[in-house]
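Close look at the chain arrangement
Chain by chain, the residues run as shown.
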Amino acid sequence: MFEPGWLEMITPDLKRIGPVQSRQVALITRCVDFIDRQIPDNRPLWEACRWGADCWRADRGELPKRMSARIPYIGPSYPSERVAVVAINSRDERRAGDEIEATARVVEWLTQGHLDYGHRSFFHYRVASVVHAAIRSSSGETVDEMPDPDVAATALASSARLQAVQCSPQSSSRRSPTGAMKRHCPEFLLRGQLEILAPRLLILLGAPAHRAIDAPTKLEVAWHTRWAESERCFSRGQTQFQGQTTTVLAFHHPSYTGWARSWRAFLASLRDDPLSRG
């Protein structure tokens, strides 16, 4: 799936985020090798993936000429903090290094003091704020408010970001995945990457990512704070994964109007039960 020289291709963007670390590169390489084993053919993803025919059958849009699986973004400090973020799918140019390039641009934009990114989207700032709050809580600090954008940007170096679904159909402005994509992709590609990353904290953004962990990936989460009991805005639980306990935090999608309720519920949860290093 990935062309030779993929590491040289993404290295300049990794350097824009921070000094490239050997453990960081080792994790990225393992994820790339895993995806290559799952999808060994270097053809468009919708054609090369074993689930492609089923996943794209319900899509009525024009098939993209080129669509690669994404190399996951893994920050230089991820091996120490192990905070993994899962979203539903990307809306990018469908190139292998897009996840890392986008993160580099976001870090630079937030560092300049901007809250929004792109078309006045607060998605990235809110994601960075959640990661920042989780790391602070794990260090025994109290979190009462969202950080300044330049402070939030520093937290992204300690995180990884993956997509529950790799494909991005062009049939809608939101490039929403089909139902078959949501059924197949999390177990097919996401779970193996999570096994490699072995996160201490797993942050789920949006209901589709929440459902992807609950069902297709077959991760059994013991939810201590249930979605239905939190005004349908926040969940917190734990799962046994790769021989360790992983804390799972689920939020509204950061672009959703109900995001503020998720954030407030998250802070209340941290006050009642601070996160630990595990």
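Preceding this section is the structure that the text describes.
Here's a quick rundown of the structure.

Basis of the calculations
- Residues numbered from 1 in each chain as written.
- Predicted model: local features only at pLDDT ≥ 70, side-chain atom pairs only at ≥ 80, totals over all residues.
- Heavy atoms only, no water.
- Buried < 20%, exposed > 50% of the residue type's maximum accessible area, 1.4 Å probe, protein only.
- Helix = DSSP H or I, 4+ residues; strand = E, 2+ residues; numbered from the N terminus.
- Arc of directions from axis to C-beta.
- Contact = heavy atoms within 4.5 Å.
- Axes fitted to C-alpha atoms, helices over the stretch in contact; angles between N-to-C directions.
- Parallel < 35°, antiparallel > 145°, perpendicular 65-115°, else oblique.
- Nonpolar A, V, L, I, M, F, W, Y, C, P; charged D, E, K, R; others polar.
- Pairing = 2+ DSSP bridges.
- Phe/Tyr/Trp six-rings, centres within 6.5 Å; stacked < 30°, edge-to-face > 60°.

The subject of this paragraph is helix 10 (residues 207–214). Those residues of helix 10 lying buried are Ala209, His210, Ala212 and Ile213. The buried residues of helix 10 occupy an angular sector of 160° when projected down its axis, which confines them to one face. Against the buried residues of helix 10 lie strand 2 (83–87), helix 9 (179–197), strand 4 (201–205), strand 5 (222–225), strand 6 (234–241) and strand 7 (244–251).

It is worth spelling out the packing of helix 7 (residues 123–138) against helix 11 (residues 259–272) at this point. Two measures define how a pair of helices packs: the angle their axes make with one another and the distance between the axes. Taken N-terminus to C-terminus, the directions of helix 7 and helix 11 make an angle of 5°; their axes are 11 Å apart at the nearest point. What the angle tells us is that helix 7 and helix 11 run roughly parallel. Seen from helix 7, the contacting residues are Arg126, Ser129, Val130, Ala133, Ala134 and Ser137; seen from helix 11, they are Trp259, Trp263, Phe266 and Leu270. Looking at the contact of helix 7 with helix 11 residue by residue, the classes come out as seven nonpolar, two polar and one charged.

Moving on to unusual backbone geometry. Here the phi dihedral of alanine 198 falls at roughly 45°; this positive angle occurs in a residue that is not glycine. Of note, alanine 198 is situated in the loop between helix 9 and strand 4. Assessed through its relative accessible area of 16%, alanine 198 is described here as buried. Here arginine 232, not a glycine, exhibits a phi torsion of approximately 55°, which is positive. With respect to the helices, strands and loops of the structure, arginine 232 is situated in the loop between strand 5 and strand 6.

Time to look at the pairing of strand 4. The buried fraction of strand 4 amounts to five of the five residues, a majority that puts the element mostly inside the structure. With burial as the criterion, each face of strand 4 is covered, one bearing Leu201, Ile203 and Leu205 and the other bearing Leu202 and Leu204. Here four bridges tie strand 2 to strand 4, and the two strands are oriented parallel to one another. Each bridged residue has a counterpart across the sheet, and for valine 86 the counterpart in strand 4 is leucine 204. One ladder, built from five bridges, connects strand 4 with strand 7; its direction is parallel. Bridge assignment links leucine 202 to a residue of strand 7, and that residue is valine 248.

Glancing now at the packing of aromatic side chains. Under the criterion given, the structure shown has five aromatic pairs. Residues phenylalanine 234 and phenylalanine 266 carry aromatic rings whose centres are separated by 6.0 Å and whose planes lie at 45° to one another, so their mutual orientation is tilted. Of this pair, phenylalanine 234 sits in strand 6 while phenylalanine 266 sits in helix 11; the two residues are 32 residues apart in sequence, bridging distant segments of the chain. Taking relative accessible area as the criterion, phenylalanine 266 reaches 0% and is therefore assigned buried. Ring centres 5.1 Å apart and planes at 80° place the aromatic pair phenylalanine 251 and phenylalanine 266 in the edge-to-face group. Of this pair, phenylalanine 251 sits in strand 7 while phenylalanine 266 is found in helix 11, placing the two residues 15 residues apart along the sequence. There is no split in this pair, since phenylalanine 251 and phenylalanine 266 are both buried. One aromatic cluster in this structure is built from Phe234, Phe251, Trp259, Trp263 and Phe266.

Read across the open sheet, the seven strands follow the order 1-3-2-4-7-6-5; overall the sheet is mixed. Single-partner strands in this sheet number two, and they are strand 1 (73–74) and strand 5. Bridge count between strand 2 and strand 3 (residues 159–163): five bridges; the pairing is parallel. Across the sheet, residue alanine 87 finds its bridge partner in strand 3, namely glutamine 163. Contacting strand 2, strand 3, strand 4 and strand 7, helix 7 runs over the sheet at an angle of about 155° to strand 4.

Distances and angles like these do not, on their own, reveal function.
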